[in-house]
Amino acid sequence: MRVFNAGLILLCPHMTLANDWRSVYQSSVESIPFISSAGAGCSGSLVADDRVLTAWHCVNLIRPVKVKWKSGGKSEERDAVPIYKDEDHDLTILKLNSPVKRRPFLLDQSPSIKEGQPICTIGHPISRDVEDDLAFSISSGIISKINRKNIITDMSISPGNSGGPVLTTDGKLLTAVSAKYSGARIGNIAVLSPAAATSQAVTVTEKQQTPLTWLDAKNTWYLYIPLGSNISGAISNDVEASSIKENFQELHLEWRARDRLSISASSGGNRRLNTSSVTIGVNWPLPDFNSFLPFEAGAFVGRRFVENTEAKKQRYFSVAGVELSAYRSIFRVRAEHSMAADKPLSVITTSIDLLSLFQ
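This is a predicted model, so every value here is computed, not measured.

A.B. asks: How would you explain a nonpolar patch on the surface if you had to name every residue and give the values?
C.D. replies: The grouping of Y181, I186 and I189 at the surface amounts to a nonpolar patch, some 250 Å² of accessible area in total. Looking at the secondary structure, you find Y181 in the loop between strand 12 (173–180) and strand 13 (190–192). Classification of Y181 by relative accessible area gives partly exposed; the value is 42%.

Next up, the structure:
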């Protein structure tokens, strides 16, 4: 039997490699960083001593990016900026602030790939750091189908695998992990970026090194539901003090252009007040002192409309305020002050983005 197995290895070496990824893992793992930006954790592939390939959706808010490797018993970290984006194929290249002494991946230059071809990925599923239990996990499978805009595979991936390398049996880089299909009746179905798009990204950035700016960030929607709110101050003589002592609830819809400039509308109140507002503002990330709970600050101006449900008298106020949000703007504290002709209105709202619960 051993002689028979040895003969198979000599005649068909790819058969052994397709089932035994140990050598690929050992030669590749040092070139696969953990990437964090705006609270999201992803994987990547070193394609040059100062450039890393990953998925565009991992960094598309253009917030500070940290790239980290495990080196012996210590961690090695670099700051990085995106220098290339391919939104259609979910790819980006990150430029490190200084080179690393690690072996970059070689691109697979084979003329074609086929359904049924064995592949693997190494990444950091459901991990928050390179020290987590699932960091640097390997998963293997085959190419299930090749489409015009993506590649389908049966490899098992989870959040955190995004951007990780897809490797051939000889350890060459084919492409990057993009996403997965999910659902109660769906098995292991993952989506990979096209190999040609990966090759183009690596080739273009050999010469193109200009960092992307906030103007390249994606547009975002937020639908905030209140966790707690209160009103302080008196609005006018037409609104009694008892009207503002009850808990105040307000639904808030916000659209951000390039995730920085915002237009928002809100509606809510309590049993005695109906109120709504329209504001425009600006949001900006604060210095990144915590990769997994990053904060953004914002300021806004606009108009607030208040109606006493008993007196049926409408009041309009100019609004100015500030907000502090965390973790990709999902959690937010918003404080505003509305100026009236006689007495002011102040509102403080803590809320969570409802849309993020379904992503």
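A.B. asks: An account of the sheet that holds strand 4 (residues 51–54) is needed here, citing residue identities and associated values.
C.D. replies: The strand order 2-1-5-6-7-4-3 describes an open sheet built from seven strands, whose pairing is antiparallel. The open sheet is flanked by strand 2 (40–43) and strand 3 (45–48), the only strands paired with a single partner. Recorded for the sheet is a direction-independent mean angle of 35° between the axes of neighbouring strands. Taken together, the four bridges between strand 4 and strand 7 (residues 91–96) define a ladder with antiparallel strand orientation. Following the sheet pairing, T54 is matched in strand 7 by T92.

A.B. asks: How would you sum up the nonpolar core? Please name residues and give values.
C.D. replies: Residues V47, L53, I93, L167 and L173 are the most contacted members of the largest nonpolar core, which totals 19 residues. Counting residues per element, the ones that place at least two in this core are strand 6 (74–86), strand 7, strand 8 (118–123), strand 12 and helix 4 (195–204). It is helix 4 that contributes the most residues to this core, three residues altogether. When neighbours within four sequence positions are excluded, I93 is seen to be in contact with V47, R51, V52, L53, V81, P82, I83, Y84, A201, V202 and T205. Judged by nonpolar contacts, the second largest core, of 18 residues, contains C42, I62, A80 and L212.

A.B. asks: Hey, could you go over the state of the cysteines for me, with residue numbers and the actual values?
C.D. replies: Think of a disulfide as a covalent bridge from one cysteine sulfur atom to another cysteine sulfur atom. On inspection of all chains with the given rule, the structure shows one disulfide. Across a sulfur-sulfur distance of 2.1 Å, C42 and C58 are joined as a disulfide pair. One quick way to see it: the torsion about the S-S bond of C42 and C58 is about -90°, and its sign makes the bridge left-handed. With C42 in strand 2 and C58 in the loop between strand 4 and strand 5 (65–71), this pair connects stretches of sequence that are 16 residues apart.

A.B. asks: Describe the environment of S144, naming the residues involved and giving the relevant values.
C.D. replies: In this structure, S144 sits in strand 9 (residues 137–146). Along the chain, S144 and K114 lie 30 residues apart, while their C-alpha atoms are 8.8 Å from each other. When residues no more than four places from it in sequence are discounted, the contact partners of S144 are E115, I152, T153 and D154. One polar contact links the side chain of S144 to the main-chain amide nitrogen of D154, over a distance of 3.4 Å.

A.B. asks: Just give me the short version of unusual backbone geometry, but keep the residues and values in it.
C.D. replies: Glycine aside, the phi torsion of most residues is negative, and most peptide linkages are trans. In this model, Y327 sits at a positive phi of 55°, which is unusual for a non-glycine residue. With respect to the secondary-structure elements, Y327 resides in the loop between strand 19 (314–326) and strand 20 (331–339). Positioned with a positive phi, S329 is a non-glycine residue whose angle comes to about 65°. By the secondary structure assignment, S329 is in the loop between strand 19 and strand 20.

A.B. asks: Give me the lowdown on the pattern of salt bridges, citing residues and values where you can.
C.D. replies: Here the idea is simple: oppositely charged side chains can pair when their charged atoms come close. For the structure shown, the criterion picks out 20 salt bridges. Where R63 meets D259, a salt bridge forms, and the shortest distance between an N and an O atom there is 2.3 Å. In this pair, R63 sits in the loop between strand 4 and strand 5 while D259 sits in the loop between strand 15 (249–257) and strand 16 (261–269), placing the two residues 196 residues apart along the sequence. D259 sits in the buried class, given a relative accessible area of 0%. The partner of R256 in a salt bridge is E254, and the shortest N-O contact between them spans 2.6 Å.

A.B. asks: Tell me about the packing of aromatic side chains, and name the residues and values.
C.D. replies: Taken as a whole and judged by the stated rule, the model has four aromatic pairs. Plain terms: the ring middles of W214 and W284 are 5.7 Å apart, the flat faces sit at 70° to each other, and that makes the pair edge-to-face. Residue W214 is located in the loop between helix 4 and strand 14 (220–232), and its partner W284 is located in strand 17 (residues 273–285); the two are separated by 70 residues in the primary sequence. We note R260 situated over the ring of W284; from NZ or CZ to the ring centre the distance is 5.1 Å. Against the face of F300 rests R334, its NZ or CZ located 3.6 Å from the ring centre.

A.B. asks: Tell me about the side chain of E336, and please be specific about residues and values.
C.D. replies: Take E336: it is sitting in strand 20. Taking relative accessible area as the criterion, E336 reaches 7% and is therefore assigned buried. At a separation of 3.5 Å, a polar atom in the side chain of E336 contacts the side chain of S338. In this structure E336 touches F300, R304, V319, A320, G321, L345, S346 and V347, once residues within four positions along its chain are discounted.

Scoring rules and cut-offs
Residues numbered from 1 in each chain as written. Predicted model: local features only at pLDDT ≥ 70, side-chain atom pairs only at ≥ 80, totals over all residues. Heavy atoms only, no water. Patch = residues over 30% accessible without salt bridge, like charges linked within 9 Å, V, L, I, M, F, W, Y side chains within 5 Å. Areas by Shrake-Rupley, 256 points an atom, 1.4 Å probe, with all protein chains shown as cover. Salt bridge = Lys/Arg side-chain N within 4 Å of Asp/Glu carboxyl O. Helix = DSSP H or I, 4+ residues; strand = E, 2+ residues; numbered from the N terminus. Buried < 20%, exposed > 50% of the residue type's maximum accessible area, 1.4 Å probe, protein only. Pairing = 2+ DSSP bridges. Axes fitted to C-alpha atoms, helices over the stretch in contact; angles between N-to-C directions. Core = buried A, V, L, I, M, F, W, Y, C linked by side-chain atoms within 4.5 Å. Contact = heavy atoms within 4.5 Å. Disulfide = S-S within 2.5 Å. Polar contact = N/O pair within 3.5 Å; in protein donor to acceptor, adjacent residues only side chain to side chain. Phe/Tyr/Trp six-rings, centres within 6.5 Å; stacked < 30°, edge-to-face > 60°. Lys NZ or Arg CZ within 6 Å of the ring centre and 35° of its normal.

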